[in-house]
Amino acid sequence: MPSEVRAVQELVKDGHMNAVPEDYILPEEERPKLADGVSADHALPVIDMKGVEGERRGFIVEQIREACAQWGFFQVTNHGVPLPLIARMQQVSREFFELPLEDKMKYRSPNEEQMLVSEGYGTKVAAKKGAFANWGDQLRHKSLPASQRNYDRWPTNPSSFREIEEGYIEEQDKLVKRILELISESLGLESSYLNDHLVGKLTQTLLMNYYPHCPQPELVLGVQRHSDFGLLTLLVQDVDDAPGLQVTKDGDWITVMPMDGAVIVNLGDQMEMLSNGKYKSIEHRAFVTGSKPRMSIVAFTYPTDETVVGPISDLLSAEELPKYGRCSFGEYRSSFIASSGAHGKSHIQSMAIV
Ligand SMILES: O=C(O)CCC(=O)C(=O)O
Ligand SMILES: [Fe+2]
C-alpha cells in the first residue's frame, strides 16, 4: 500500500488519538466557535415545491428569487427526488466508507493533490499546496454526461452501489433542470431560458464526503470556507448525523440543520456571474464533532470547460452594465485552483469589473 495514504478515518480508527496532527490545526480566526451558527432569527429558507406545476408556481418563484438574492442557499422539500433513493444512496455510501482501507484503496484517486478535479477515493486534501488540511475523506465521480464515467473508480462493494448511484445521478439532474427553470423565471426570463442556453453544456460530478469524529473538533474543519466554483450544487445531509454545514449570512455563520427529505441548493460562482451579481454564491464550510462521523452527498453541476460564462446579455441594459468579465469555465476552474483553491471567495472577485 502506498505510504503517503492518509485517510482521516485511519487516523481515528483505533480510538487512541487524542491530539490532531499539526497540519489540520487552523489559525485561531478560522476555527469554528461554539457561538457560531446559533442565531435563531436566521434560518435558511425552506421552499416547499409541492404544486410547482400548478397554481403555487408564482409563489414558489417569488420564494426562489428572495432566497437566491438574500442567501444564495436554500433547502427544498417535495422536490421530486424519491426519498427512498436518497436513503439508499446514503446507505451504500456509508457502507463503502466503513469498508477496510485496502478495499477502498482499489478506487483510490491517482492524484490526491488535485482532489478538486480528479476522481476516486481519497482524503480531502486542500486544493492549494501548503494549505491547512481538511478533516474529511471523500469519493468523487464524474457522473454526467455518462460518457465521462470511469467505472473503474465506482465501488462494486456494496454490489448495489452502481445501480443506486446511477439512479441518484439522474434524479439529481432532473432536479437541477427544475430549479434552473425556477431560477430563470425568478430573473424575469423564459422558464426554459437557462436550460436552453446551457443545453449540452453542463456536466455533473458526484461527491460523497465522510467526516470522521475528531478528538479536537474545535481546532479543525471538515471543509474550510469556500464558495463553490460551479453553477449549482445540490447537497444532502443525513438527519441521523450531527449538523456540520454552515453558511455565511450578514457576517455570521449559520448552521444548516439536517432536515428530513430536504435537498440543499447552493448557487455557485457561475450563477453569480450569469445573473450579473443579482444572485450570489455564498461562502460555506463544514465543522466536525467529537462524537460521531458525518456524511454529505453533493452533486455539483458545472459548465463544460469550453463554455464561456459571463453576465446574460438579456439581463443587461443601458442602466445595467456587466459587473463581471467573460471567461471559459475551464480557464476559470484552472485559475481558481491555482490562485485561491477551495478557500474563500477571492477568485470570483478577480472577475469583477471595477
Ligand atoms: O459537507 C458539507 O456539508 C459541505 C461540503 C461542501 O461544501 C463541498 O464539498 O463543496
Ligand atoms: Fe461547497
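Since we're looking at a predicted model, the values are computed, not measured.

Chemist: How would you explain the overall build of the protein chain if you had to name every residue and give the values?
Modeler: Within the protein chain one finds nine helices and 14 strands. Against the 2.2 N^0.38 benchmark of 20 Å for 354 residues, the protein chain shows a C-alpha radius of gyration of 20 Å, consistent with a compact globule. Each principal axis of the C-alpha distribution contributes one length, and for the protein chain these read about 65 × 45 × 40 Å. Across the 354 residues of the protein chain, 56% fall into the buried class. When contacts within the protein chain are restricted to residue pairs at least 6 apart in sequence, those whose partners lie at least 24 apart make up 77%. Here the protein chain has roughly 15,100 Å² of accessible surface; of this, 52% comes from carbon and sulfur atoms. Looking at the protein chain, you have 36 positive and 51 negative side-chain charges, and the mean spots of the two groups are 2 Å apart.

Chemist: If you had to explain the coordination of the iron ion (ligand 2) to someone new, which residues and values would you point to?
Modeler: Protein ligation of the iron ion (ligand 2) involves His226 (NE2), Asp228 (OD) and His284 (NE2), the donor distances falling in the range 2.1 to 2.2 Å. Spacing between the donor residues of the iron ion (ligand 2) along their common chain follows H-x1-D-x55-H. Of the two residues, aspartate 228 is situated in the loop between β6 (223-226) and β7 (232-237) and histidine 284 in strand β11 (residues 284-286); the sequence distance between them amounts to 56 residues. We note that aspartate 228, like histidine 284, is buried.

Chemist: Give a description of the packing of helix α2 (residues 57-70) against helix α5 (residues 161-186) that names residues and reports values.
Modeler: Contact pair α2 / α5: the axes reach a minimum separation of 9 Å and the direction vectors enclose 80°. Taken together, the axis directions place α2 and α5 in an arrangement best described as roughly perpendicular. From α2, Arg57, Ile60, Val61, Ile64, Arg65 and Cys68 reach across to α5, where they touch Glu181, Leu182, Ile183, Glu185 and Ser186. Taken together, the residues that form the contact of α2 with α5 break down as six nonpolar, one polar and four charged.

Chemist: Go over the site of ligand 1 with me, naming the residues and quoting the values.
Modeler: Around ligand 1 sit Leu207, Asn209, Tyr211, His226, Asp228, Leu235, Leu245, His284, Ala286, Arg294, Ser296 and Phe300, and that is every residue in its neighbourhood. A distance of 3.3 Å is found between an oxygen atom of ligand 1 and a side-chain nitrogen or oxygen belonging to aspartate 228. For ligand 1, an oxygen atom lies 3.0 Å from a polar atom in the side chain of histidine 284. Relative to its free-state accessible area of 300 Å², ligand 1 is covered by the protein chains to the extent of 96%.

Chemist: Can you lay out helix α3 (residues 83-97) for me, pointing to particular residues and giving the numbers?
Modeler: Counted at 1.5 Å a residue, the expected span for α3 with its 15 residues is 21 Å, and the 21 Å between its end C-alpha atoms agrees. Buried within α3 are the following residues: Leu85, Ile86, Met89, Gln90, Val92, Ser93, Arg94, Phe96 and Phe97.

Chemist: Any details on the nonpolar core? Residues and values, ideally.
Modeler: Formed by 84 residues in total, the largest nonpolar core has its most connected members in Tyr121, Ile183 and Leu232. For this core, the element with the highest residue contribution is α5, accounting for 10 residues. Apart from residues no more than four positions distant in its own chain, leucine 232 is found in contact with Val176, Ile179, Leu180, Ile183, Val265, Asn266, Leu267, Gly268, Met271, Ala299, Phe300 and Thr301. Core analysis: the second largest hydrophobic core is formed by 13 residues, Tyr24, Trp135, Tyr211 and Val223 among them.

Chemist: How would you explain the sheet that holds strand β3 (residues 120-123) if you had to name every residue and give the values?
Modeler: Spatially, the eight strands line up as an open sheet ordered β1-β2-β10-β7-β12-β5-β4-β3, and their pairing is mixed. Across the chains shown, the open sheet's two edge strands, defined by having one partner strand only, are β1 (46-48) and β3. Pairs of neighbouring strands in the sheet enclose a mean axial angle of 25°, with direction left out of account. Summarising the sheet, β7 and strand β10 (residues 263-267) pair through four bridges and their orientation is antiparallel. Note that in β10 the partner of threonine 233 across the bridge is asparagine 266.

Chemist: Requested: an account of the packing of α3 against α5, with residues and values cited.
Modeler: Running from N to C, α3 and α5 cross one another at 135°; their axes reach a closest spacing of 9 Å. When the interaxial angle is binned, α3 and α5 end up oblique. As α3 packs across α5, the resulting crossing turns out to be left-handed. From α3, Leu85, Ile86, Arg88, Met89, Val92, Ser93 and Phe96 reach across to α5, where they touch Phe161, Ile164, Glu165, Gly167, Tyr168 and Glu171. A breakdown of the residues in the contact of α3 with α5 according to their chemical character gives eight nonpolar, two polar and three charged.

Chemist: Give me the lowdown on the sheet that holds strand β9 (residues 252-255), citing residues and values where you can.
Modeler: Strand order in the open sheet formed by four strands is β6-β11-β8-β9, and the pairing between neighbours is antiparallel. Bordering the open sheet on either side are β6 and β9, each of which pairs with just one other strand. Each strand of the sheet is rotated relative to its neighbour by a mean of 25°, with strand direction disregarded. Where strand β8 (residues 245-249) and β9 come together, four bridges link them in antiparallel fashion. Its bridge partner being in β9, threonine 248 is matched across the sheet by tryptophan 253.

Chemist: Report on the environment of glycine 72, specifying residues and quantitative values.
Modeler: One can find glycine 72 in the loop between α2 and β2 (73-77). A relative accessible area of 0% places glycine 72 in the buried class. When the C-alpha atoms of glycine 72 and isoleucine 282 are compared, they prove to be 5.7 Å apart, with 210 residues separating the residues in sequence. If sequence neighbours within four positions are ignored, glycine 72 has contacts with Ala67, Val265, Asn266, Leu267, Lys280 and Ile282.

Cut-offs used in this document
- Residues numbered from 1 in each chain as written.
- Chains lettered and ligands numbered in written order.
- Predicted model: local features only at pLDDT ≥ 70, side-chain atom pairs only at ≥ 80, totals over all residues.
- Heavy atoms only, no water.
- Helix = DSSP H or I, 4+ residues; strand = E, 2+ residues; numbered from the N terminus.
- Rg over C-alpha atoms; globule rule 2.2 N^0.38 Å.
- Buried < 20%, exposed > 50% of the residue type's maximum accessible area, 1.4 Å probe, protein only.
- Contact = heavy atoms within 4.5 Å.
- Areas by Shrake-Rupley, 256 points an atom, 1.4 Å probe, with all protein chains shown as cover.
- Lys, Arg positive; Asp, Glu negative; His and termini not counted.
- Charge placed at Lys NZ, Arg CZ, Asp CG, Glu CD.
- Donors = N, O, S within 2.8 Å, 3.2 Å for Na, K, Ca; no water.
- Axes fitted to C-alpha atoms, helices over the stretch in contact; angles between N-to-C directions.
- Parallel < 35°, antiparallel > 145°, perpendicular 65-115°, else oblique.
- Nonpolar A, V, L, I, M, F, W, Y, C, P; charged D, E, K, R; others polar.
- Near = heavy atom within 4 Å.
- Polar contact = N/O pair within 3.5 Å; in protein donor to acceptor, adjacent residues only side chain to side chain.
- Expected span 1.5 Å × (residues − 1).
- Core = buried A, V, L, I, M, F, W, Y, C linked by side-chain atoms within 4.5 Å.
- Pairing = 2+ DSSP bridges.
- Left-handed = near helix turned anticlockwise from the far one by under 90°.

Taken by themselves, the reported measurements are silent on function.
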